[in-house]
Amino acid sequence: MSDSEPDLELLELLRQHIAGKPQVNAEPDTGVLESAEYVYDNSIDVALDMRSCKNAAKAIYSQMQTKSYSPATWAAHELHPHPSKGDKPEDVVAFIFTMDLLNFCFWSERSEEDRFAIEYKGRKWTGYWSLVAGLQRALEEGIPITDPHFWQNEEELTLSTLKHVFRSATSEEMPLLAARLSCLREAGQILYEKFSCHPLHLITSSRSSAARLVNTLASTFPSFSDVHHPPSFPRKKPIRLLKRAQILVADLWACFQGQGPYGSFYDIDKITMFADYRIPQMLNQMGCIQYSPPLETAVQLKRDIPSGSSWEIQLRACSIWCVELIRREIVRENPGAEVNAILIDFFLYDTIKEMEAEGREAVPHHRTRSIWY
């Protein structure tokens, strides 16, 4: 090359430097697992017992195999909607969106007999199942509780209406009813403005990416933005836990068994466990996670642990990381095992609820009033 000839490679490098390098569309990621690992690495009140985690992985996988645990287990429950039960797919999606929009804070200080419960199909339902039963009962009574148009109608959907929808079989009413009404109002307005007033359009906008749908929920709907900046974990990045956004995606995947326009997500394994108060309780009972003496005392005495506090963030984030390590151990010991954090979470939740019903809970769950879980 002579001095008078241009260096084409150098010119191209200069053009890229001046104009900015071409944007590469990176695969979406929720940031939840990264947040959980960061909190675990800096946690002083919650620790993991690795031997117990290995033992738990073996026991969990064995029991999941025995019970043939799979996404179909979700759809098999009598209260969950499903196309095989005659439900239209669009109605199923609307139900699941409503369900997870309101899927938070059901715990009670009262006894099992006196706590908030929904009477439906000849029995009383408590906890999460009270929500599902209440929604099903409302639809049977002709109340369009899963319709975003209804949520925006301030004359038809009032706090009194919501109290009727979730009327209790006991003297205790559903916790945080006013907050649930706010969630419905807010979501109805956002769906109207951005997604043609139906969650179907929200889901298809994800282009079959679980992580993209989670991020859209968190960035578009304030009530799904389970993101925190605890001063005890100083860093520029917030702590992303995103329980309800993730469980919405997981419920869609499980309901439609990973198939079709509303259940197929090519990156479903990016979803972590759903950081609530039941899974930490189960992991603690199994010896997988352990607490510092002050935190242990607060949990045992059922003291209030404020939402967003250092203790609460550690409890939730370390549980996410614990389930991830259990998942990795299962896959390491059983190459080719079809198991992800979603199925492990569902299994642990069902197990602790069975133990609760049988009076076999060895430790209490932590107490936090919050819309995040």
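Scroll up to find the structure this text is about.
The shown structure was predicted, so the numbers you read here are calculated from the model rather than taken from an experiment.

Quick notes on the rules
Residues numbered from 1 in each chain as written. Predicted model: local features only at pLDDT ≥ 70, side-chain atom pairs only at ≥ 80, totals over all residues. Heavy atoms only, no water. Helix = DSSP H or I, 4+ residues; strand = E, 2+ residues; numbered from the N terminus. Rg over C-alpha atoms; globule rule 2.2 N^0.38 Å. Buried < 20%, exposed > 50% of the residue type's maximum accessible area, 1.4 Å probe, protein only. Contact = heavy atoms within 4.5 Å. Areas by Shrake-Rupley, 256 points an atom, 1.4 Å probe, with all protein chains shown as cover. Lys, Arg positive; Asp, Glu negative; His and termini not counted. Charge placed at Lys NZ, Arg CZ, Asp CG, Glu CD. Phe/Tyr/Trp six-rings, centres within 6.5 Å; stacked < 30°, edge-to-face > 60°. Lys NZ or Arg CZ within 6 Å of the ring centre and 35° of its normal. Arc of directions from axis to C-beta. Polar contact = N/O pair within 3.5 Å; in protein donor to acceptor, adjacent residues only side chain to side chain. Core = buried A, V, L, I, M, F, W, Y, C linked by side-chain atoms within 4.5 Å. Axes fitted to C-alpha atoms, helices over the stretch in contact; angles between N-to-C directions. Parallel < 35°, antiparallel > 145°, perpendicular 65-115°, else oblique. Nonpolar A, V, L, I, M, F, W, Y, C, P; charged D, E, K, R; others polar.

*Asks:* An account of the overall build of the protein is needed here, citing residue identities and associated values.
*Replies:* Across its full length, the protein carries 17 helices and six strands. Over its C-alpha atoms the protein spans a radius of gyration of 23 Å, differing by no more than 12% from the 21 Å that the globule rule assigns to 373 residues. Each principal axis of the C-alpha atoms in the protein carries an extent, and together these give about 90 × 50 × 40 Å. Within the protein, the proportion of its 373 residues that are buried is 54%. Sequence-distant contacts in the protein: of pairs separated by 6 or more residues, those separated by 24 or more amount to 76%. On the protein, roughly 17,200 Å² of surface is accessible, and the fraction owed to carbon and sulfur atoms is 51%. In the protein, 39 positive and 50 negative side-chain charges are present, and the distance between their average locations comes to 3 Å.

*Asks:* Outline the packing of aromatic side chains, listing residues and values.
*Replies:* With the rule as written, the count across this model stands at twelve aromatic pairs. Judged by centre distance (6.3 Å) and plane angle (15 degrees), the ring pair of Phe195 and Phe221 falls under stacked. Here Phe195, found in the loop between helix 9 (177-194) and helix 10 (199-204), pairs with Phe221, found in the loop between helix 11 (210-220) and strand 4 (227-228); they are 26 residues apart in sequence, far enough to count as distant. Phe221 sits in the buried class, given a relative accessible area of 0%. Note that Arg123 overlies the ring of Trp125, its terminal NZ or CZ placed 3.7 Å from the centroid. Here the basic side chain of Arg244 rests over the ring of Phe224, its NZ or CZ set 4.8 Å away from the ring centre.

*Asks:* I'd like a description of the environment of Pro230, backed by residues and values.
*Replies:* Relative to the helices and strands, Pro230 is located in the loop between strand 4 and strand 5 (239-240). According to the relative accessible area criterion, Pro230 is buried, its value standing at 4%. Distance in space between the C-alpha atoms of Pro230 and Ile313 is 7.8 Å, their sequence separation being 83 residues. Excluding residues within four positions of it along the chain, Pro230 makes contact with Ile239, Gly308 and Ile313.

*Asks:* Account for helix 15 (residues 293-300), naming residues and giving values.
*Replies:* Within helix 15, the full set of buried residues consists of Leu295, Ala298 and Val299. Buried residues of helix 15 fall within an arc of 95 degrees about the axis and therefore sit on the same side. Turning to helix 15, the residues buried within the fold contact strand 1 (46-48), strand 6 (289-291) and helix 16 (310-333). Directly after helix 15, the chain includes Lys302, whose backbone phi takes a positive value near 60 degrees.

*Asks:* Which residues make up the side chain of His228, and what values go with them?
*Replies:* Checked against the element boundaries, His228 lands in strand 4. Of the polar contacts made by the side chain of His228, one reaches the side chain of Asp226; its length is 2.5 Å. When neighbours within four sequence positions are excluded, His228 is seen to be in contact with Pro238, Ile239, Leu241, Gly308, Ile313, Arg316 and Trp372.

*Asks:* Run through the nonpolar core, naming residues and quoting values.
*Replies:* Phe97, Phe166, Phe221 and Ile326 are the most contacted members of the largest nonpolar core, which has 122 residues in total. With eleven residues, helix 16 is the largest single contributor of residues to this core. Those residues in contact with Ile326, other than ones at most four positions away along the chain, are Cys53, Ala56, Ala57, Ile60, Leu283, Cys288 and Ile344.

*Asks:* Explain the packing of helix 3 (residues 50-66) against helix 17 (residues 341-357) to me, using residue names and the numbers behind them.
*Replies:* One way to put it is that helix 3 packs onto helix 17 with a least axis distance of 11 Å and a crossing angle of 85 degrees. On the basis of the axis angle, helix 3 is roughly perpendicular to helix 17. Where helix 3 abuts helix 17, its residues Ile60, Gln63 and Met64 lie against Leu343, Ile344, Phe347 and Leu348. Residue composition of the contact of helix 3 with helix 17, by class: six nonpolar, one polar and no charged.

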